[in-house]
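# Analysis of the macromolecular model
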Amino acid sequence: MVSSTRSSHIISLCTFLVCCYCYSCSAKDTITRGEFINDGHTYLESPGKKFRMGFFPHGNTTELRRYVGIWYTMDPKTIVWVANRDKPVLDYTGAITVAEDGNFKVLNKDASVYFSTPTGNIAHYYINN
């Protein structure tokens with residue numbers, strides 16, 4: 001059973017994702033179907049620059065584990081939400097996307113799904129900040 005708190009976090013994440021996109025140091029406030037944000041190359045940033053979303057490592061482990069999360073821009077060590085907390089990407093080939101079916105997904109180079117939302121039918125949204 002998915003708690004209503006977890007469901008609201010997933011909905012908030014999806015809204016954040018489709019509303020914010022940063023590519024090559026120029027921030028955008030939309031993300032559309034089929035766009036990818038690759039680990040280490042790009043990240044999402046809210047228009048007010050309060051939050052960022054992208055890949056990050058966890059802790060001081062010798063294993064390579066990459067997670068997708070949202071953190072405060074001014075305090076990157078404070079992770080607000082983690083998408084794939086139970087299934088980290090085990091290399092730097094991860095990507096986040098809004099797939100053609102409208103779902104937010106965390107994938108690796110083989111297109112294996114590490115996280116997916118059941119949002120369906122999202123083209124793009126705009127954030128009011």
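For the structure itself, consult the block above.
Read on for a plain summary of the structure. (Residues numbered from 1 in each chain as written. Predicted model: local features only at pLDDT ≥ 70, side-chain atom pairs only at ≥ 80, totals over all residues. Heavy atoms only, no water.)

## Digging into the overall build of the protein
Within the protein, the regular secondary structure consists of one helix and ten strands. For the protein, the N- to C-terminal ordering of α and β elements is α-β-β-β-β-β-β-β-β-β-β. In the protein, buried positions account for 41% of the 129 residues. Considering only intrachain contacts with a sequence separation of at least 6, the fraction spanning at least 24 residues in the protein is 41%. A total of about 7,600 Å² of accessible surface is found on the protein, and carbon and sulfur atoms cover 53% of it. (Helix = DSSP H or I, 4+ residues; strand = E, 2+ residues; numbered from the N terminus. Buried < 20%, exposed > 50% of the residue type's maximum accessible area, 1.4 Å probe, protein only. Contact = heavy atoms within 4.5 Å. Areas by Shrake-Rupley, 256 points an atom, 1.4 Å probe, with all protein chains shown as cover.)

## Describing the packing of aromatic side chains
Two aromatic rings are characterised by how far apart their centres lie and by the angle between their planes. Counted by the stated rule, this structure contains five aromatic pairs. Cluster of aromatic residues (ring-pair linked, three or more members): F56, Y67 and W71. The residue whose ring lies beneath K87 is Y114, and the NZ or CZ to ring-centre distance is 5.2 Å. (Phe/Tyr/Trp six-rings, centres within 6.5 Å; stacked < 30°, edge-to-face > 60°. Lys NZ or Arg CZ within 6 Å of the ring centre and 35° of its normal.)

## Quick notes on the sheet that holds strand β5 (residues 51–57)
Read across the open sheet, the four strands follow the order β4-β5-β6-β7; overall the sheet is antiparallel. Of all strands in the sheet, those bounded by a partner on one side alone are β4 (44–45) and β7 (75–82). (Pairing = 2+ DSSP bridges.)

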